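Secondary and tertiary structure notes
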Amino acid sequence: MNTPLLLAGEVRTALLMNSAPLTPPGAESLLGLVEGARVRSAERPVPRALSADVVHAVDCPLRTGSGTRMRGVGTLLARARLTGGRVLQASTRATLVAGGARPTEWARHLERLGTVEASGRATADDLVTGFLGSPNSASPGPALDPGAACEQLLARVQRSPALDHRPAFRARRTRLRWSAAFGGDDRTGGVYTLADATVRTLQVRLPTGWFTDAAEVAALCEDLALHDWLLTVVADLAERACVGPANPASLRRLRPAVDHLLHVWMPGMDVPSALLAVWDDLEAGPGFTRQWRSCVDRIRDHMAMNTLELLSRPPTAGVPYQRRLVQEHRTSHPSHPDACLEGTKPSGVSPAWGL
């Protein structure tokens, strides 16, 4: 068996192009990408579904930090994941192994799916530097790019006729490129880096002599990419909405976070126990959960203060208080049935009604 050099891959995360979250049966149907293969799913603590692997053949150069020439031949494995019926991810992974001087027959590569044979003299650290240093690289020429397989898979799922292509809100995509190399001390750890507003990298260090399947590291990276995306999107919503005086429009801008995203935060729910130490590093360093709690508290405090200010405003001259509440409710919720009934009690305004 060829000596493993490193595990590598990429995860891209996006909002599903649908106006409502998919039900578990709908998610399983959407992710039935491989005929005859089972879609794995779970409903607790958060509904999620995972497609079977899609195979991509590759024969291309490998970037290195030193510029040493390397070539990779083999296959990548890509899969799609839907969490909470709302957050769509595409993940691609491969195990890079030391290859021989001569190219092998494709039949051999197809017997070892998810393995890329690297021919050349570069070390694992050199490969990691080249791979993680090029998510946004403008270097000329082709190179191993698992993100291209992710993008193809995302587009395939998002074009499905089962979706109405009317997302409930807008959210940017994020990219996480990762590598896992062997060596160092006996502790598993990780270094997480924000390359820019949407690109992140994760360098995992695995203990010497300990080998894990690339799918397990991919599960860790999918979980990290999911929670990084949630934090990015919710923080962006809060930054745009939690400013200025109280007004119904501010509350409307925060509704997507409350309705669709806050309940999805469950770090580590599918991470193998042997890799949970990486999450510990992230909590000790960037502090994902601390940032999340701060952001959620900001949203809830803003909504509470906004509601109190709106309810404490003095009545407008010549407009009965009940009618003013109905008008404000109608403006905030034009599709609500109560908004069509002049003088009836709108939902959610109960404490001050009739004063």
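Now for a description of the structure that goes with this document. (Residues numbered from 1 in each chain as written. Predicted model: local features only at pLDDT ≥ 70, side-chain atom pairs only at ≥ 80, totals over all residues. Heavy atoms only, no water.)

**Re the overall build of the chain**
Counting its regular elements, the chain contains nine helices and 10 strands. Expressed as a percentage of its 355 residues, the buried residues of the chain come to 49%. For the chain, the share of sequence-separated contacts (at least 6 apart) that also reach a separation of at least 24 residues comes to 72%. About 17,200 Å² of surface is accessible on the chain, with carbon and sulfur atoms providing 54% of the total. (Helix = DSSP H or I, 4+ residues; strand = E, 2+ residues; numbered from the N terminus. Buried < 20%, exposed > 50% of the residue type's maximum accessible area, 1.4 Å probe, protein only. Contact = heavy atoms within 4.5 Å. Areas by Shrake-Rupley, 256 points an atom, 1.4 Å probe, with all protein chains shown as cover.)

**Concerning the nonpolar core**
Trp-178, Leu-202, Leu-224, Leu-230, Val-234 and Trp-292 are the most contacted members of the largest nonpolar core, which has 47 residues in total. When contributions to this core are tallied by element, the ones reaching two or more residues are strand S1 (4-15), strand S8 (174-182), strand S10 (199-206), helix H5 (214-241), helix H6 (248-261), helix H7 (276-284) and helix H8 (288-312). With 16 residues, H5 is the single largest residue contributor to this core. (Core = buried A, V, L, I, M, F, W, Y, C linked by side-chain atoms within 4.5 Å.)

**Points about helix H4 (residues 146-158)**
Helix length check: H4, at 13 residues, gives a terminal C-alpha distance of 19 Å against a target of 18 Å (1.5 Å per residue), a fit within 8%. Those residues of H4 that fall on the buried side of the exposure criterion are Pro-146, Gly-147, Ala-149, Cys-150, Leu-153, Leu-154, Val-157 and Gln-158. Within H4, the buried residues cover an arc of 160° as seen down the axis, which keeps them to one side. Measuring from the side-chain oxygen of the N-cap residue of H4 to the backbone nitrogen of Gly-147 gives 3.1 Å; that N-cap residue is Asp-145. (Expected span 1.5 Å × (residues − 1). Arc of directions from axis to C-beta. Polar contact = N/O pair within 3.5 Å; in protein donor to acceptor, adjacent residues only side chain to side chain.)

**As for the packing of H5 against H8**
At a minimum axis separation of 10 Å, H5 and H8 run at an interaxial angle of 30°. Classified by the angle their axes make, H5 and H8 are roughly parallel. Pair H5 / H8 crosses with left-handed handedness. Contacts between H5 and H8 involve Leu-224, Asp-228, Leu-230, Leu-231, Val-234, Ala-235, Ala-238, Glu-239 and Ala-241 from the former and Phe-288, Gln-291, Trp-292, Cys-295, Arg-298, Ile-299 and His-302 from the latter. (Axes fitted to C-alpha atoms, helices over the stretch in contact; angles between N-to-C directions. Parallel < 35°, antiparallel > 145°, perpendicular 65-115°, else oblique. Left-handed = near helix turned anticlockwise from the far one by under 90°.)

**Considerations on the environment of Arg-240**
Looking at the element boundaries, Arg-240 is found in helix H5. For Arg-240, a relative accessible area of 43% corresponds to the partly exposed category.

**Describing the pairing of strand S7 (residues 115-119)**
Among the five residues of S7, four are classified as buried, and the element is accordingly described as predominantly covered. Sheet topology places strand S5 (residues 70-83) next to S7; four bridges connect them, and they run antiparallel. Counterpart to Gly-72 in the pairing with S7 is Ala-118. Here four bridges tie strand S6 (residues 87-98) to S7, and the two strands are oriented parallel to one another. (Pairing = 2+ DSSP bridges.)

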